[in-house]
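Remarks on the overall topology
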Amino acid sequence: MFKILSKSASTGVVTTRYPETAARVSPLFRGAPKIKFARWSDARPAAEACPTEAISLCDAGSEREVTLDYGLCTFCGYCAEADLSGAITMTNEFALAVRARQDLTLIARYGLNGDGTHQELQSVEQGSVVHEPGQTEAAIQRVAKVLGRSLAIREVDAGSCNGCELEIGALNNPIYDLERLGIHFAASPRHADMLLVTGPVTRNMELALLKTYNATPDPKVVVAVGACGISGGIYGKSYAITGSVGEVVPVDVFVPGCPPRPEALLQGILIAVGRLEQRFLGLRFNNEGFAS
Amino acid sequence: MSESRYDWAAPWPSTSHGVEAYLDVPRELIPGALAALREHHSARLTSVFCEDRVMTEQCFYNYYVLESPAQRAYLVLRAGIPASDPVFPSVSAAFPSANWQEREIQDWFGLTAQGHPNPRRVALHDNWPDVHPLRKEFSAVAELPFAGEQHVYRPTLGEGVFQIPVGPVHAGIIEPGHFSFSVAGEPILYLQLRMFYVHKGIEKRFEQLPVGRCVALAESISGDSSFSHGVAFCQALETVAGLEIPARAEAIRTILLELERIYNHIADIGAIATDVGFVIANAHASRLREMLFVLNEGLTGSRLLRGMVCPGGVRRDWNREQVVELSETLRQFETEFRDLMDIIESSDSTRDRLEHTGVLPTEQARELGVVGVAGRASGIDRDVRRDHPYAAYRHWTVDVPVYTEGDVLRRMMVRVKEIGGALFLIRALLASLTDGAHRVPLPPLEQGRVALSAVEGWRGEILHWIRTGPNNRLERCRIKDPSLNNWPALVEAVKGNIVPDFPVINKSFNLSYSGTDR
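Residues numbered from 1 in each chain as written. Chains lettered and ligands numbered in written order. Predicted model: local features only at pLDDT ≥ 70, side-chain atom pairs only at ≥ 80, totals over all residues. Heavy atoms only, no water.

1. So, the packing of aromatic side chains
Within the structure shown, the criterion is met by 21 aromatic pairs over all chains. Ring centres 6.2 Å apart and planes at 65 degrees place the aromatic pair Trp100(B) and Phe196(B) in the edge-to-face group. Of this pair, Trp100(B) sits in helix α3 (residues 99–109) while Phe196(B) sits in the loop between β9 (188–194) and α4 (202–208), placing them 96 residues apart in sequence. Take Trp100(B): its relative accessible area is 11%, and that puts it in the buried class. Taken together, Phe179(B), Phe181(B), Trp487(B), Phe502(B) and Tyr513(B) form an aromatic cluster joined through their ring pairs. A cation over a ring is seen here: Lys220(A) above Tyr213(A), with NZ or CZ 4.0 Å from the ring centre. (Phe/Tyr/Trp six-rings, centres within 6.5 Å; stacked < 30°, edge-to-face > 60°. Helix = DSSP H or I, 4+ residues; strand = E, 2+ residues; numbered from the N terminus. Buried < 20%, exposed > 50% of the residue type's maximum accessible area, 1.4 Å probe, protein only. Lys NZ or Arg CZ within 6 Å of the ring centre and 35° of its normal.)

Laid out in structure tokens, this is it:
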């Protein structure tokens, strides 16, 4: 007993104050890639290197449409390594959680030279990929009102590699200590206000996810975690995979990353119940330009 | 062809890691061959898998991967199975470790394992139509209807006997699988497992992607073993290409393999403590794991060590400050780790819950082909790092802790000892870290080459087997996670224990669902 107390005393308080204070992130942490579209003279090497096709090309005649999807991105940095024009840099940014799936996609258009390199950038815009609708404004307010401060979460692994579970588990450690925010993990969906779902949703887990969703009382929110949960990620389209979380149940917040670090998860959870504002909007981050 | 062509008692061809001996054996001789190899060389059947070569050779091949520490080698038996007669003799009754793997072959390739004691579906659940996804003609992106019946669990009969169904969605933050406990009062009579809920078609996916992109896929086989699986895969490519990686890259890989071992072991020690109600120990253990995650991030850019290994070496070199940071953090970690073990070991009630709980006897462990931490706690003195060294393990001796009691306590003690060994090894590697290149380019891969790669992940033996195809793609990639060998051991270890002890027994194995299900 004395050993336990003395160890606790000598350890002191180790808990972070995030999100009140900024996250402590190593300068070497690989976060989201940032692309200077105007400088991008050729998207092909990056698209070729990307393991998840987060950068994809569609050439039509002398025009090229480049889609950048942060919902597929695993922050691996292969694109920045392969790109020859120096347009891609890996940033430290991780707080990319969004309410609408299309906020994670950007589409750039270029004219093409004969050798397949880009002419001047014609336009960059937010993706218009239509996905399942998030909640209506009224529903968000109701959720915030009913669930706003304290929250019970049921975690559902619908097919992940277990990487996301490691980081979600870390939210319970003394550093991130989720309970300081009045949030805890519940053992049953019947006790939960929120489902935190990792994916991709496998064919063999589809029914279990649906049953878990139906067992969760209303009002409820669903957060899709990680590249695979948002889009299927590295596993792509497969005979064994039904699809992203959003293809099986309605999703309210998407948290990119592979896996998302604990602070990113926390941000997504708090956005879902209206306790934090979304910071990322494709072209803009914290109301400042991001992609350009 | 007659049996006399083969002398199973003869020494195995001398090989080095990655250059295994292959032997073509008629399918009907396989059961006898495996039994003879087990008898003469204490060979362990570690993986059984199939390959579809119908388009080029009008047949399938079954591969039987054996390992013998006495011979210090892997031996691969290959049996051709004509497409016109797609059956092979099952060896599961004599080699329980083949049970799930033979059923995978039935599900994925449509071959029949004749005489299998339990030939039901395993990887494709009962509601799948009659398809065989790993056959070449099967489209990787096929959308299939749900069909067939619900899974029927074996009934449990007797007065006062009942079943407790658990999962696939579990109460904790863990992966999905279904456990059906048959109990009489509190003691567990029998546990039925149903896995493959997170089957993602990863082996098929490897055939779709160019090899460069496959590294990220290998890192996503099992999240807590990202680095080990990444290394196993890259080693296979390097073997095919005949590529030697620089000494510095080998050292960095080895250090990170050991770091992965430490961060998982410390988390498991904490989790075992939690499951017997010793929460404060877990608070410290999870704090220590976080310390290592922060270190991982500073060394590789990823808390789970992802995006670091690449064919030909590692993607990032370390500067002086990173090396200092690494040794400083480990020094601090070691002090705190000793404090933690001091706290755990001075608790008699904790020891009381862990000792004699979830016992897996040596004989059973051997019969089931149990690997890694669980094997070493049950007297199975095997470790790929020592028996079939790769990377920098070729130049260092690895101490392999072995216990014979096979209970939860010993599975924890193996981890404790291995953390000590890993810290020692990392320090030695850092002290002898030489300057030089950290990666060399991988040349284009020749078509039709095969390679087997083995890595001792923190759970145990990871195997990757590849065959290269045209255009820098793979024709086949077989993944064997240690969990695939070890799940049946959990079934044995829980027998006779009370239900409330199941979580701690399960945690002491801590097997990967995603690695098993792929």
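2. Describing the domain arrangement of chain B
Residues and elements named next belong to chain B. Domain boundaries assigned for chain B yield domain 1 (3–114) and domain 2 (202–516). Taking only C-alpha atoms, the centre of domain 1 and the centre of domain 2 are 26 Å apart. At the interface, 29 residues of domain 1 touch 30 residues of domain 2. Applying the counting rule to domain 1 against domain 2 returns five salt bridges. Close ionic contact of Arg44 with Glu461 constitutes a salt bridge, the shortest N to O distance being 3.0 Å. Taken together, the elements giving at least two residues each to the side of domain 1 that touches domain 2 come down to β2 (44–53), β3 (59–68), β4 (73–82) and α3. Of all the elements, β2 adds the most residues to the side of domain 1 that touches domain 2, at eight residues. Taken together, the residues of the side of domain 1 that touches domain 2 sort by class into 13 nonpolar, eight polar and eight charged. (Domains from an automatic or database assignment. Contact = heavy atoms within 4.5 Å. Salt bridge = Lys/Arg side-chain N within 4 Å of Asp/Glu carboxyl O. Nonpolar A, V, L, I, M, F, W, Y, C, P; charged D, E, K, R; others polar.)

3. With respect to the interface of chain A and chain B
In this complex, chain A contributes 65 residues to the contact, which on the side of chain B involves 74 residues. Per-residue buried area on chain A facing chain B is highest for Arg203(A), Asn204(A) and Tyr239(A); these three make up 17% of the total on that side. Taken together, the connections running from chain A to chain B amount to eight salt bridges. Between Arg315(B) and Glu81(A) there is a salt bridge, with its nearest N and O atoms 2.9 Å apart. The tally of links between chain A and chain B comes to 41 residue pairs in polar contact (both at pLDDT 80 or more). Of all the elements, helix α5 (residues 163–170) of chain A adds the most residues to the side of chain A that touches chain B, at seven residues. (Buried area = accessible area lost by both parts, 1.4 Å probe. Polar contact = N/O pair within 3.5 Å; in protein donor to acceptor, adjacent residues only side chain to side chain.)

4. Quick notes on the packing of helix α15 (residues 482–494) of chain B against helix α16 (residues 502–509) of chain B
Residues and elements named next belong to chain B. In the contact formed by α15 and α16, the axes pass within 10 Å of each other and the chain directions differ by 145 degrees. As for how α15 packs across α16, the hand of that crossing is right-handed. Residues Trp487, Ala489, Leu490, Ala493 and Val494 of α15 form the contact with α16, whose own contacting residues are Phe502, Ile505, Asn506 and Phe509. Among the residues forming the contact of α15 with α16, the class breakdown is eight nonpolar, one polar and no charged. (Axes fitted to C-alpha atoms, helices over the stretch in contact; angles between N-to-C directions. Left-handed = near helix turned anticlockwise from the far one by under 90°.)

5. A short note on the sheet that holds strand β8 (residues 178–184) of chain B
All names here are of chain B. Overall, antiparallel pairing links the three strands, which are arranged β7-β8-β9 in an open sheet. What marks the edges here is a single partner per strand, and that holds for β7 (161–166) and β9. Adjacent strand axes in the sheet meet at a mean angle of 15 degrees when their direction is disregarded. Two strands pair when backbone bridges link them, and β8 and β9 are joined in this way by six bridges, in the antiparallel orientation. By the bridge assignment, Ser180 is partnered in β9 with Gln192. (Pairing = 2+ DSSP bridges.)

6. A look at the side chain of Glu206(A)
Examined against the element boundaries, Glu206(A) turns out to sit in helix α6 (residues 206–215). Although Glu206(A) is buried, it makes no salt bridge; Arg203(A) carries the closest opposite charge, 6.5 Å away. In contact with Glu206(A), other than residues within four places in its own chain, are Val201(A), Thr242(A), Val248(A) and Phe146(B). (Lys, Arg positive; Asp, Glu negative; His and termini not counted.)

7. Describing the sheet that holds strand β13 (residues 461–468) of chain B
Each strand in a sheet pairs with its neighbour through backbone hydrogen bonds, running either in the same direction (parallel) or in the opposite one (antiparallel). Residue and element names in this part refer to chain B. The three strands lie next to each other as β12-β13-β14, forming an open sheet whose pairing is antiparallel. With one partner strand each, in any of the chains shown, β12 (450–456) and β14 (474–480) form the two edges of the open sheet. Averaged over all pairs of adjacent strands, the angle between their axes in this sheet comes to 15 degrees, without regard to strand direction. Bridge count for β13 against β14 is six bridges, and the pairing is antiparallel. Each residue of the ladder has a partner; that of Thr468, found in β14, is Leu474.

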